[in-house]
Amino acid sequence: MTPTVAQLDLAGLVEASMAALGELPAAQATAPLHRRLVTEIRLRLPRAERAAAAAPERSREWYAHLRVIDAAHDALLMNGEEPGPSDSPLIAALNLAELGRRLRDLMAYSAEGEGS
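What comes next is a walk through the structure. (Residues numbered from 1 in each chain as written. Predicted model: local features only at pLDDT ≥ 70, side-chain atom pairs only at ≥ 80, totals over all residues. Heavy atoms only, no water.)

A look at the layout of surface pockets
Quick note on the threshold: Points on a 1 Å grid, built from protein atoms alone, make a cavity when a 1.4 Å probe fits but cannot get out and make a pocket when they are open with protein on both sides within 12 Å along at least 5 of 7 lines; residues with an atom within 4 Å of a point are the lining residues. Grid points are joined across faces, edges and corners, and a volume is the space filled by probe spheres set on the points. Each helix is a run of DSSP H or I of at least 4 residues and each strand a run of E of at least 2, with the numbering of both proceeding from the N terminus.
By volume, the largest pocket is sized at about 210 Å³. Together, 13 residues line the largest pocket, and Val5, Ala16, Pro25, Ala29 and Leu33 are the ones closest to its centre. For the lining of the largest pocket, the secondary structure elements donating two or more residues are α1 (10–22) and α2 (27–54).

Put into C-alpha cells, the structure is as follows:
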C-alpha cells in the first residue's frame, strides 16, 4: 500500500517531489504534496535563520546558511506572494521538484518544536 503524503517522512517527501518530474501527476494530486512541502520548509526556516545569526558574519558557515535560506525563500515566493499548486501538470511538477530541493537543503535543521 502506498503511504499518503501525511505519512511520508522528510526523505519520502523529497523523493515524491522528485518523482513528479518522471511522470507528471494530475494537478489535483499535487496539492497535498505541495502544501506539506511548504509546511515543512516553513517549520525549518527559523532554525536556519538562527544558525545564520549565530555564525560569524561573512564566514563560510554564514554564507552557507544564507544560501539555503535565500533559496528557500525564493522557492516559496513568486512576485512577492506564495503561489499555490499550479493547474498545469508540468508547472506543478517543476514547483514540487524545487520545493523538494529546498526541503532537502533544510533537512539539516530541525523543525520548530523538534528539539535543538
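Brief notes about helix α4 (residues 89–106)
Since the α-helix turns once every 3.6 residues, residues separated by three or four places project in the same direction. The line we're drawing: To estimate the expected span of a helix, count its residues, drop one, and scale the result by 1.5 Å. Exposure categories follow from relative accessible area, calculated using a 1.4 Å probe and restricted to protein chains: below 20% of the type maximum is buried, above 50% is exposed, and the middle band is partly exposed. For this analysis, residues touch if any pair of their heavy atoms sits within 4.5 Å.
In this model, α4 (18 residues) spans 25 Å end to end at C-alpha, consistent with the 26 Å of a helix rising 1.5 Å per residue. Looking only at α4, the buried set comprises Ala92, Ala93, Leu96, Ala97, Leu99, Gly100, Arg102, Leu103, Asp105 and Leu106. In this structure, the buried side of α4 is in contact with α1, α2 and α3 (60–76).

Considering the pattern of salt bridges
Going by this rule: The term salt bridge refers to a side-chain nitrogen of Lys or Arg lying within 4 Å of a carboxyl oxygen of Asp or Glu.
Under the defined criterion, the tally for this structure stands at 7 salt bridges. Among the ionic pairs, Glu40 bridges to Arg36, the shortest N-O distance being 3.2 Å. With a gap of 4 residues between them, Glu40 and Arg36 both fall in helix α2, about one helical turn apart. Exposure class is identical for Glu40 and Arg36. Each is buried. The salt bridge partner of Arg67 is Asp105, with a shortest N-O separation of 3.7 Å. One end of the pair, Arg67, is in helix α3; the other, Asp105, is in helix α4, and 38 residues separate them in sequence. Given the relative accessible area of 48%, Arg67 is considered partly exposed. Salt bridges sharing common partners tie together Arg67, Glu98, Arg101, Arg102 and Asp105.

Digging into the nonpolar core
Quick reminder of the rule: Note on terminology: a nonpolar core comprises buried Ala, Val, Leu, Ile, Met, Phe, Trp, Tyr and Cys residues joined through side-chain atoms within 4.5 Å.
Within the largest apolar cluster, 24 residues are counted, with the highest numbers of intra-cluster contacts made by Leu13, Leu37, Ile41, Leu45, Leu99, Leu103 and Leu106. Broken down by secondary-structure element, the contributors of at least two residues to this core are α1, α2, α3 and α4. For this core, the element with the highest residue contribution is α2, accounting for 8 residues. Apart from residues no more than four positions distant in its own chain, Ile41 is found in contact with Ala72, Leu76, Leu99, Arg102, Leu103 and Leu106.

Considering the packing of α1 against α4
The condition is simple: Axis lines are fitted to C-alpha atoms, over the contacting stretch for helices. Their N-to-C directions set the angle, which ranges from 0 to 180 degrees. Roughly parallel covers angles under 35 degrees, roughly antiparallel covers those over 145, roughly perpendicular covers 65 to 115, and oblique covers all other angles. The hand of a helix crossing depends on one turn: near helix anticlockwise from the far one by less than a right angle means left-handed, and clockwise means right-handed. Gly falls in the polar group here, along with every residue not listed as nonpolar (Ala, Val, Leu, Ile, Met, Phe, Trp, Tyr, Cys, Pro) or charged (Asp, Glu, Lys, Arg).
Orientation of α1 relative to α4, taken along the N-to-C sense of each, is 150°, at an axis distance of 8 Å. Relative to α4, the element α1 lies roughly antiparallel. Of the two elements, α1 crosses α4, and the hand of that crossing is left-handed. Between α1, through Leu10, Leu13, Val14, Ser17, Met18, Ala20 and Leu21, and α4, the contact on the second element is made entirely by Ala93, Leu94, Leu96, Ala97, Gly100, Arg101, Leu103 and Arg104. Of the residues that constitute the contact of α1 with α4, the class distribution is 11 nonpolar, 2 polar and 2 charged.

Structural notes on the environment of Leu13
Turning to its location among the elements, Leu13 is positioned in helix α1. Linking Leu13 and His65, residues 52 residues apart in sequence, is a C-alpha distance of 22 Å. Beyond its immediate stretch of four places on either side in the chain, Leu13 contacts Val5, Leu8, Leu33, Arg36, Leu37, Glu40 and Leu103.

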